[in-house]
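Topology and contacts: notes
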Amino acid sequence: MCGIVGIVGNSPVVPRMMESLKRLEYRGYDSAGVATLSGGNLDRRRAQGKLDALSEKLSLEPLDGTSGIGHTRWATHGQPTEPNAHPHMTEQVAIVHNGIIENFKALKAELIADGIAFESETDTEVVARLLTRELETGAYPSQAFQTVLARLEGAFALCVLIKGEENLMFGAREGSPLVVGLGNGENYLGSDAMALAGLSNHLIYLEEGDWVELSRTAVQIFDRNNQPVERQVSISQVATTMIDKGNHRHFMQKEIYEQPTVVAQALGRYLDPNAGTICLPDMPFDLADVPKVTLVACGTSFYAAQVARYWIEKIARVPVDVDIASEFRYRDPVYTDGGLAIFISQSGETMDTLAALRHAKVAGQHIASIVNVTGSTMARESDLVLPIYAGPEVGVASTKAFTCSLSVLASFSVELAHAKGTITAADVAEYVTELEHAPALMAKILSKDHEIEAIAQDIADARDILFVGRGIYFPIAMEGALKLKEISYIHAEGYAAGELKHGPIALIDENVPVIGIAPDGGLSDKTVSNLQEIMARKGKVILLSDNKGSIAEDMHAHFEMPSAGDLITPILYALPVQMLSYFAAVEKGTDVDMPRNLAKSVTVE
Ligand code: F6R
């Protein structure tokens, strides 16, 4: 979602802020802007749409200044128009903001009653107007900033410039991440390590309630009680070079094709093939004592959690609860003493997942997070972190993070089972061998991309598409439907195959393609029977399977999958559903990497 960068610098800042905003594009946005201080005065340029529009404005009307703030906005309050774009400014202050000021209506009413006029529909402008009013009372900038912070409710990261104060910048973190970057004669603020990648690799992650005063040569952090605090400096591993698409047309395409490599990398961190063992990091608790596992996540990460439930229950025989993060804490979950709560998140910043993590922590659960971004808030607040080592994922639609999360979850499930004594060391060694085969099989599936492309082109005009599977393939069906709808805008649903006749089968006619996920063995006969029911109603069945079986004659298309062991098969079946969505979106000409209305890092509730 919204991205922030701030530089208190000693050379022109606009080109560097634009570079940072480019790095933040992956988060998703619909308008952007920058403000600088030059000759003591504030000025800004803002534009609706992508960064190119802002660059164009800046080339027509350049901005000078060695201190500045920049922002990419994902609209929450007010449409993605230029007046609602950040920075929000008065003559006295310029502000960029990520998050939501929940009490903005009351504050706005108070300011309007005070005769103050507003020019945007945003909650952020309230902060700019409040701060201006405080400064006009003659308060020192830091005093005025503290007073305003004390009045704000909600989740926010703020970055503030003040007229006449070229060697000063304020930042605050409450609920939304904000990172300080330390420079040489300069200092920086950013919404994540990526924003600061080209500026500094010495980072300080602010904690909840912290606010910070930056000059070119000093950084002073205060806690929510306005007491000076020291926070640890960490060294960022984020690459300083701009991540590019290489020879690929889209980041999503690149990330789909990278999967054999990154899954091999991830498994390399967790498997010891010579010893035939799984190596997890040191645990602050004993896996053998875990009575119950709670898995919580959003979106694609939630489907990874659903797959993992089957593994953990089947192999380790440990009861598992799986929850959508935005629902979790509101259902007042019943925790089991000593339980392990695992939070899965590519970004490690998803607001609902983070709130769920904190809920479980207060309840005394052991907290583990499975994240891609190891400097993320979730990682920092967990007792145990299992990184997925997928590398930066830029495409808004998650692909490689899904298969890497599954690889880590599969390894974890096997180790949990071993600790629980439900499998032997020899069984572990067999699972390790099976996991090791996954990358090569993934490469084999990707090499048949032209077949999936043809199927995708054939169905890209459909209005509705269903994905069906049973057991562990039901979450893969839901993931396929999510992927398709988010990037191609085709309406799609994932169903448990046996559930169709309880309602959804009413949708079936010759215009509705149904993707059946049915690897041979297990429940495949039952899924195939359900597919037969669909074909009997003229539905176009497209089968993903290593066995065409008895329906070969009547189905619309078949994509032949390699046969593999039960543990890795769900990981493999993620690939054709990702490719199907990708090629359907390309066929429809949508913005594959930045689909409408979506953000990569969802930092509001
Ligand atoms: C879909 C997608 C989203 C994310 C979800 C959670 O392709 O990417 O559904 O999976 O927003 O994000 P993380 O994993 O960062 O918590």
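In the block above lies the structure referred to throughout.
Residues numbered from 1 in each chain as written. Predicted model: local features only at pLDDT ≥ 70, side-chain atom pairs only at ≥ 80, totals over all residues. Heavy atoms only, no water.

**Considering the overall build of the chain**
Applied cut-off: The helix and strand labels rest on DSSP assignments: H or I over at least four residues marks a helix, E over at least two residues marks a strand, and numbering proceeds from the N terminus. Radius of gyration: over C-alpha atoms. The globule rule applied is 2.2 Å multiplied by the number of residues raised to the 0.38 power. Note on definitions: a residue-residue contact is assigned when non-hydrogen atoms from the two residues lie within 4.5 Å.
A count of helical and extended segments in the chain gives 17 helices and 27 strands. A globule of 605 residues ought to have a C-alpha radius of gyration of about 25 Å, and the chain, at 26 Å, matches this closely. Oriented by its inertia axes, the alpha-carbon framework of the chain measures out at about 80 × 50 × 45 Å. For the chain, restricting intrachain contacts to residue pairs at least 6 apart in sequence, the fraction spanning at least 24 positions comes to 71%.

**Quick look at the packing of aromatic side chains**
Rules: Each Phe, Tyr or Trp ring (for Trp, its six-membered ring) is paired with any other whose centre lies within 6.5 Å, and the angle between the two planes then decides the class: stacked below 30 degrees, edge-to-face above 60, tilted in between. Think of it in three bands: residues with accessible area under 20% of the maximum for their type are buried, residues over 50% are exposed, and the middle band is partly exposed, with areas taken using a 1.4 Å probe on protein chains only. Only lysine NZ and arginine CZ atoms are considered, and such an atom sits over a ring when it is within 6 Å of the ring centre and within 35 degrees of the ring normal.
Scanning the entire structure with this criterion turns up nine aromatic pairs. Taking 4.3 Å as the distance between ring centres and 15° as the angle between the ring planes, the aromatic pair formed by W211 and F222 counts as stacked. In this pair, W211 sits in strand 12 (residues 211-214) while F222 sits in strand 13 (residues 219-222), placing the two residues 11 residues apart along the sequence. Of the two residues examined, W211 and F222, each falls in the buried class. A centroid spacing of 5.7 Å and a plane angle of 55° characterise the contact between F302 and Y303, whose relative ring orientation is tilted. Residues F302 and Y303 agree in their burial class; the two are buried. Pairwise contacts between aromatic rings join F145, F170, W211 and F222 into one cluster. A cation sits over an aromatic face here: K50 above Y29, 4.7 Å from the ring centre. K108 extends its terminal NZ or CZ atom over the ring of F118, reaching a point 4.9 Å from the ring centre.

**Topic: the pairing of strand 4 (residues 67-73)**
So the rule is basically this: Two strands qualify as a pair provided DSSP detects at least 2 bridges between them.
Burial analysis of strand 4 places seven of its seven residues in the buried class, which makes it a mostly covered element. Of the two faces of strand 4, the one holding S67, I69, H71 and R73 and the one holding G68, G70 and T72 are both buried throughout. Where strand 2 (residues 31-38) and strand 4 come together, seven bridges link them in antiparallel fashion. Its bridge partner lying in strand 4, T36 is registered against G68.

**Some points on the pairing of strand 2**
Counting buried residues in strand 2 gives seven out of eight residues, a clear majority hidden from the surface. Note: strand 2 against strand 3 (residues 41-48), eight bridges, orientation antiparallel. From the neighbouring strand, T36 faces strand 3, where its bridge partner is D43. Linking strand 2 to strand 3, which pair antiparallel, is a turn of two residues; within it G39 sits at a positive phi near 60°.

**Things to note about the site of the ligand**
Rule in force here: Residues are counted as near a molecule or strand when any one of their heavy atoms sits within 4 Å of it. Polar contact is the term for a pair of N or O atoms within 3.5 Å; when the atoms are in protein, one must be able to donate a hydrogen and the other to accept it, and sequence-neighboring residues count only if both atoms are side-chain atoms. Only the protein chains shown count as covering a residue, and every accessible area follows the Shrake-Rupley method with a 1.4 Å probe. Charged residues are taken to be Asp, Glu, Lys and Arg, nonpolar residues to be Ala, Val, Leu, Ile, Met, Phe, Trp, Tyr, Cys and Pro, and polar residues to be all remaining types, Gly included.
Surveying the vicinity of the ligand reveals 14 residues, the closest of which are S301, S345, S347, T350 and E486. Q346 has a polar backbone atom sitting 2.7 Å from an oxygen atom of the ligand. For the ligand, whose accessible area on its own is 410 Å², the fraction buried by protein is 89%. Looking at the shell around the ligand, the elements that each hand over two or more residues are helix 8 (299-316) and helix 15 (473-488). Split by residue class, the shell around the ligand holds four nonpolar, eight polar and two charged.

**As for the layout of surface pockets**
In plain terms, the rule: Cavity and pocket criteria rest on a 1 Å grid covering protein atoms alone: a 1.4 Å probe that fits but cannot get out defines a cavity, protein on both sides within 12 Å along at least 5 of 7 lines defines an open pocket, and an atom within 4 Å of a point defines a lining residue. Grid points are joined across faces, edges and corners, and a volume is the space filled by probe spheres set on the points.
Each pocket or cavity is described by its volume, and for the largest pocket that value is around 1100 Å³. Lining the largest pocket are 42 residues, and of these Y205, V373, T374, G375 and S376 sit closest to its centre. For the lining of the largest pocket, the secondary-structure elements that each account for two or more residues are strand 11 (202-205), strand 15 (234-235), helix 7 (259-270) and helix 11 (377-380).

**Some thoughts on the nonpolar core**
Generally speaking, soluble globular proteins have nonpolar side chains that are buried together. Heads up, the condition is: What we call a nonpolar core is a set of buried Ala, Val, Leu, Ile, Met, Phe, Trp, Tyr and Cys residues that are connected through their side-chain atoms within 4.5 Å.
Ranked by internal contacts, the top residues of the largest apolar core, which has 100 residues, are V293, L295, W311, I312, I342, F412 and F467. Take this core: its biggest share by element is 13 residues, from helix 17 (residues 569-588). Each residue touching I312, except ones within four places of it in the same chain, is listed here: V293, L295, R317, V318, V320, F412, S413 and L416. Membership of the second largest hydrophobic core comes to 26 residues, among which are I95, I101, L107 and F145.

**Things to note about the sheet that holds strand 18 (residues 293-297)**
What counts here: Axis lines are fitted through C-alpha atoms, for helices just across the contact stretch, and the angle between N-to-C directions can take any value from 0 to 180 degrees.
Pairing within the open sheet is parallel, and its five strands lie in the order 19-18-20-21-22. Looking along the sheet, the strands with just one partner apiece sit at the ends: strand 19 (320-324) and strand 22 (384-385). Relative to strand 22, strand 21 (residues 366-371) runs parallel, the two being bridged by two bridges. Residue pairing for strand 22: S369 is matched across the bridge by V385. Lying over the sheet, helix 10 (residues 351-362) contacts strand 18, strand 20 (340-345) and strand 21, oriented at roughly 165° with respect to strand 20. Of the strands in this sheet, strand 18, strand 20 and strand 21 touch helix 12 (residues 400-420), which is tilted by about 165° from strand 20.

**Digging into the sheet that holds strand 8 (residues 169-174)**
Spatial strand order, 5-6-7-8-12-13-14: seven strands in an open sheet with antiparallel pairing. A single partner strand is all that each edge strand has here, and the edge strands are strand 5 (88-89) and strand 14 (228-229). When strand 8 meets strand 12, the two strands line up antiparallel, connected through four bridges. The residue of strand 12 that forms the bridge with G171 is V212. Across the face of the sheet, helix 5 (residues 141-151) comes into contact with strand 7 (154-162), strand 8 and strand 12 while running at roughly 20° to strand 8.

**A short note on the state of the cysteines**
Keep this limit in mind: In this description, the term disulfide denotes a pair of cysteine sulfurs within 2.5 Å.
One pass over the full model with this rule turns up zero disulfides. Looking at the unpaired C298, the closest cysteine sulfur is the one in C2, lying at 17 Å. Residue class for C298 comes out partly exposed when judged on its relative accessible area of 23%. The closest cysteine sulfur to the non-disulfide-bonded C404 is located on C279, 17 Å from its own sulfur.

Limitation: the analysis is restricted to geometry and does not speak to function.
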